[in-house]
Amino acid sequence: MTKKMKKEAKVLSQKLLADGIFDLWLETEIAKDTCPGQFVGVYTVNKAALLPRPISVCEVNKEKTAIRLVYRVVGTGTAEFALYQPGDYMMILGPLGNGFPLEKAEGKRVVLMGGGIGVPPLLETAKRLGEGTDVITVMGYRNSETFLSDEFEKYSRLYIASDDGSVGTKGNVIDALKENKIDCDVIFACGPMPMLRGIKAYAQENGIKAYLSLEEKMACGVGACLGCICKTKKVDDHSHVKNARICTDGPVFDADDLDM
Ligand code: FES
């Protein structure tokens, strides 16, 4: 596991990508060791909020000197981040979490499934897997604001689902998987809990191995708030209960190990 660092990061660019969703590039040493599916903790300037906000890494540049964060503004912390301009500095901690087990997809038919703000961490995953594999991605959006879809098209065969039916399959990512008769051995997914529950059930019924990122449930991201406990099938060696902390034990879990 890579060692996490708390570092100042320089804002290279920031723009609005879709309604309430921002696209931020940060120059940082942390980029060197960041794997797809990992996240960083971003600190607010307001010292009253001591704990950082977890934000997944969407992309790492080729030189591994910068990371891209695509995040939704959901509260005062992320609203503060949205105000940052090129040349400003932010304090970040990372890389955090385990990331997707890319080795499990080697030589297999893999489908990446993302929903809403679970879409961004799959972009770097698609890029890295796309170097040697035919990657299929299935992304779910609320409407026609299909942020990042043009970039997924560069690295994968992309299918889209939208809640209102304005783009792709009307419905969710599983509807799109069925409608397009997509066959696979492994699924990597990130998104809201109902979507992940549906994917776990679908994977079990069809003999597919699934790895799920539960990052949506995180609060502090650093093991301090216990707001991210999930139920697992295995008994934890330390606490002797069937629990795991998503931020420190995950955010990616083998779906077979989760009780959800
Ligand atoms: Fe706070 Fe995991 S998010 S302990």
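Now for a description of the structure that goes with this document. Predicted, not measured: the structure shown is a model, and the values here were computed from it. Here the residue numbers are simple positions, counted from 1 along each chain's written sequence. In keeping with the model being predicted, local features are shown solely for residues with a pLDDT of at least 70 and side-chain atom pairs are shown and tallied solely at 80 or more, while totals for entire chains, interfaces and linings include all residues. Excluding hydrogens and water, the side-chain values take into account all heavy atoms of the structure.

### Points about the overall build of the chain
The criterion, for reference: Numbering of helices and strands runs from the N terminus; a helix is a DSSP stretch of H or I covering at least four residues, while a strand is a stretch of E covering at least two. Relative accessibility decides the category of a residue: with a 1.4 Å probe and only protein chains considered, values under 20% of the type maximum give buried, values over 50% give exposed, and everything between is partly exposed. The criterion used for residue contact is that any of the two residues' heavy atoms lie within 4.5 Å. By the counting rule applied here, Lys and Arg register as positive and Asp and Glu as negative, while His and the ends of each chain are not counted. Lys charges are placed at NZ, Arg charges at CZ, Asp charges at CG and Glu charges at CD.
Within the chain one finds six helices and 15 strands. Within the chain, the fraction of its 260 residues that count as buried is 52%. Put simply, 63% of the contacts in the chain that link residues at least 6 apart link residues at least 24 apart. Once the 33 positive and 35 negative side-chain charges of the chain are each reduced to a mean point, those two points are 4 Å apart.

### Some words on the state of the cysteines
Defined as follows: Cysteine sulfur atoms are paired as a disulfide whenever they fall within 2.5 Å.
Applying the stated criterion to the full structure yields zero disulfides. Of all cysteine sulfurs, the one in Cys190 lies closest to Cys58, which takes part in no disulfide; the gap is 11 Å. The structure places no disulfide on Cys230, whose sulfur is separated from the nearest cysteine sulfur, that of Cys228, by 7.6 Å.

### Things to note about helix α5 (residues 193-205)
Note the threshold: Expected span, for any helix, means 1.5 Å times one less than how many residues it has.
With 13 residues, α5 extends 18 Å from end C-alpha to end C-alpha; this agrees with the ideal 18 Å at 1.5 Å per step. On the buried face of α5, the contacting elements are β7 (110-115), α4 (173-179), β11 (186-190) and β12 (209-213). Two residues or fewer past α5, Gly207 is found with a positive phi of approximately 65°.

### Structural notes on the side chain of Thr78
Mapped onto the fold, Thr78 is located in helix α1 (residues 76-81). The residues contacting Thr78, other than those within four sequence positions of it, are Tyr71, Arg72 and Val73.

### What about the environment of Asp249?
Following the sequence through the fold, Asp249 ends up in helix α6 (residues 246-249). As for Asp249 and Val57, which are separated by 192 residues in sequence, their C-alpha atoms are 17 Å apart. Residues in contact with Asp249, not counting those within four places in the same chain, are Asn98 and Ala244.

### A word on helix α2 (residues 121-130)
Taken across its 10 residues, α2 has eight buried, putting it largely inside the fold. For α2, every residue scored as buried is listed here: Pro121, Leu122, Leu123, Glu124, Thr125, Ala126, Lys127 and Leu129. If you follow the buried residues of α2, they end up packed against β4 (53-60), β5 (66-72), β7, β8 (135-141), α3 (149-155) and β11.

### Quick notes on the sheet that holds strand β10 (residues 169-170)
For clarity, the cut-off: At least two bridges found by DSSP between two strands are what make those strands a pair. The convention used is that axes are lines fitted to C-alpha atoms, helices contributing only their stretch in contact, and that angles between N-to-C directions extend from 0 to 180 degrees.
What the seven strands build is an open sheet, ordered β10-β9-β8-β7-β11-β12-β15; its pairing is mixed. If you trace the sheet from one side to the other, it starts and ends with β10 and β15 (252-254), each paired once. Sitting on the sheet, α2 touches β7, β8 and β11, and the angle it makes with β7 is about 165°. In the packing of α5 onto the sheet, contacts are made with β7, β11 and β12, and the angle to β11 comes to roughly 170°.

### Quick notes on the pattern of salt bridges
Basically, it comes down to this: A side-chain nitrogen of Lys or Arg and a carboxyl oxygen of Asp or Glu constitute a salt bridge if their distance falls within 4 Å.
Following the criterion strictly, the structure yields 12 salt bridges and no others. Among the salt bridges present, the one from Arg68 reaches Asp23, with a minimum N-O distance of 2.7 Å. Of this pair, Arg68 sits in strand β5 while Asp23 is found in strand β2 (residues 21-27), placing the two residues 45 residues apart along the sequence. Given the relative accessible area of 4%, Arg68 is considered buried. Its salt-bridge partner being Glu151, residue Arg68 comes within 2.7 Å of it at the nearest N-O pair. With Arg68 in strand β5 and Glu151 in helix α3, this residue pair connects regions lying 83 residues apart in the sequence. A single burial state applies to Arg68 and to Glu151, both of which are buried.

### With respect to the environment of Leu122
Within the element layout of this structure, Leu122 appears in helix α2. Expressed as a C-alpha distance, the spacing of Leu122 and Gly41, which sit 81 residues apart in the sequence, is 18 Å. When residues no more than four places from it in sequence are discounted, the contact partners of Leu122 are Phe100, Leu112, Met113, Gly114, Met139, Phe152, Phe188 and Cys190.

### With respect to unusual backbone geometry
As a rule of thumb, non-glycine residues mostly have phi less than zero, and peptide bonds are mostly trans rather than cis. Pro95 follows Gly94 through a cis peptide bond whose omega is -5°. Structurally, Pro95 can be placed in strand β6 (residues 89-96). One non-glycine residue, Leu148, lies in the positive phi region at around 75°. With a phi angle near 60°, Leu226 is a residue other than glycine that sits in the positive phi range. With respect to the secondary-structure elements, Leu226 resides in the loop between β12 and β13 (229-231). Leu226 gets classed as exposed once you look at its relative accessible area, which sits at 53%.

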